[in-house]
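So you can see what is in the structure, the chains are spelled out below.
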Amino acid sequence: MGAALYLHYLCSCALDRLTWCDFQGMFHKGKAMLDMWYSRERWSLGVADRDLQQIKRYWLLPVFVLVIAVTGCSQSDTATRTPVPTFTPTPLGAAVVPDGAAEAPVEPTATLVVAMPTATETATPVPPTATPTTPPTSTPAPTATFTPSPTPTVAPTATETPTPSPTPSFTFDLEVAEKHPTESLAPNVVRIFLYVSDEDGVALPGYTLRVLHDGDELAVDRESEGGLPSLTRGEPSPYTRFTNMNVIFVESQAGVWTLQLVDTDGVAVGPPAEFELTADEVTRELYIRYRRQ
């Protein structure tokens, strides 16, 4: 029976036009199946090992020749074959179940299912970094601040307003102060003419002049005369004036000459008049005129 199945199996493979390599594989597989069958059935058939080897040798050669012949004679492109029933080898010592017998229900086997733990990526906590502790800063004790005492405000001293000196009250007004050229006098000779009159222009006696040359007072020994006035020059000219007193000084003419009307007591009765002369100046004739207010 095993040889027949093996032969049928080889023929089915040849009819499918398998390649030689495929056929070799199938051949060896069938040979292994035949060996298994003979090993299992020889005890029931009572065949010895030597006889088994002869049977296998005699069976294999005809089967091989038959497969070669069938393979070479097959010319059709598409071969139709009958499905081969699946052969399931029965282990040695197992009871053979006759065909048609109902199979006993197989009790379900408790299967132990081992659940493999799933690897979960767990973040390893990083140990916290030690934060350096800053030592407390010693707070310096507040230093006592010296607050200066406010300086007492000194009340301003009342400044006395200087009383203006009273303007001297003169009784005469200075009407004319002039310099006239002269050729009759030698250098460094200065002549001064004075005419003092009342309100109406009439000459008044009893007055004189205070003369200062560069601040130095010069001596004057003359006084004014009353009555008809005289003339400064004997002939008519642009420089002829009335006069009732004259005085001559012989000294260096350069400098500042200050003239002022005074009475016989030396009290100034009119404002002063100043003249400045140079060393080579020819206008050495000084003329002033006072009129009583």
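Calculation criteria
- Residues numbered from 1 in each chain as written.
- Predicted model: local features only at pLDDT ≥ 70, side-chain atom pairs only at ≥ 80, totals over all residues.
- Heavy atoms only, no water.
- pLDDT = per-residue confidence, 0-100.
- Contact = heavy atoms within 4.5 Å.
- Pairing = 2+ DSSP bridges.
- Helix = DSSP H or I, 4+ residues; strand = E, 2+ residues; numbered from the N terminus.
- Axes fitted to C-alpha atoms, helices over the stretch in contact; angles between N-to-C directions.
- Phe/Tyr/Trp six-rings, centres within 6.5 Å; stacked < 30°, edge-to-face > 60°.
- Buried < 20%, exposed > 50% of the residue type's maximum accessible area, 1.4 Å probe, protein only.
- Core = buried A, V, L, I, M, F, W, Y, C linked by side-chain atoms within 4.5 Å.
- Salt bridge = Lys/Arg side-chain N within 4 Å of Asp/Glu carboxyl O.

(A) Focus on the confidence of the model for the chain. Overall, the prediction assigns the chain a mean pLDDT of 73, with 45% of residues at 70 or greater. Scored below 50 in pLDDT, residues 70-79 makes seven contacts in the model with residues more than four places away or belonging to other chains.

(B) Focus on the sheet that holds strand S8 (residues 255-262). Pairing within the open sheet is antiparallel, and its four strands lie in the order S4-S3-S8-S9. The strands lining the two open edges of the sheet, one partner per strand, are strand S4 (216-218) and strand S9 (273-277). The sheet shows a mean angle of 30° between the axes of neighbouring strands, taken without regard to direction. Relative to S9, S8 runs antiparallel, the two sharing five bridges. Bridging across to S9, Leu259 finds its partner in Ala273.

(C) Spatial organisation of the packing of aromatic side chains. In total, this model carries three aromatic pairs according to the counting rule given. Each ring, one from Phe172 and one from Tyr207, has its centre 5.1 Å from the other, and the planes form 70°; the classification is edge-to-face. Here the residue Phe172 occupies a position in strand S1 (residues 172-180), and Tyr207 occupies one in the loop between strand S2 (189-197) and strand S3 (208-213), the gap between them amounting to 35 residues. The pair formed by Phe172 and Tyr207 is uniform in burial state, with each residue classed as buried. When the centroid spacing of 6.2 Å and the interplanar angle of 45° are considered together, the rings of Phe249 and Trp257 count as tilted. Note on Phe249: relative accessible area 7%, which makes it buried.

(D) Structural view of the nonpolar core. Ranked by size, the top nonpolar core spans 23 residues in total, and within it Phe172, Ile192, Val211, Trp257, Leu261, Leu286 and Ile288 carry the most contacts. Every element with two or more residues in this core is listed here: S2, S3, strand S7 (245-250), S8, S9 and strand S10 (285-292). With four residues, the top contributor of residues to this core is S2. Here Leu261 is in contact with Phe172, Leu194, Val196, Tyr207, Thr208, Leu209, Val267, Ala268, Val269, Gly270 and Tyr290, once residues within four sequence places are set aside.

(E) Spotlight on the side chain of Ser224. Mapped onto the secondary structure, Ser224 falls in the loop between S4 and strand S5 (230-231). Using a relative accessible area of 5% as the deciding quantity, one classes Ser224 as buried. Look past the residues within four positions of Ser224 in its chain and what remains in contact with it is Val196, Leu204, Pro205, Gly206, Tyr207, Asn244 and Met245.

(F) Here's a closer look at the pattern of salt bridges. Enumeration over the complete set of coordinates arrives at seven salt bridges. Its salt-bridge partner being Arg291, residue Glu175 comes within 2.6 Å of it at the nearest N-O pair. Residue Glu175 is found in strand S1, and its partner Arg291 is found in strand S10; the two are separated by 116 residues along the sequence. A residue is classified by how much of its surface remains accessible, and Glu175, at 37% relative accessible area, is partly exposed. On the basis of relative accessible area, Arg291 is assigned to the partly exposed category, the value being 27%. With a closest N to O distance of 2.8 Å, Lys179 and Glu281 form a salt bridge.

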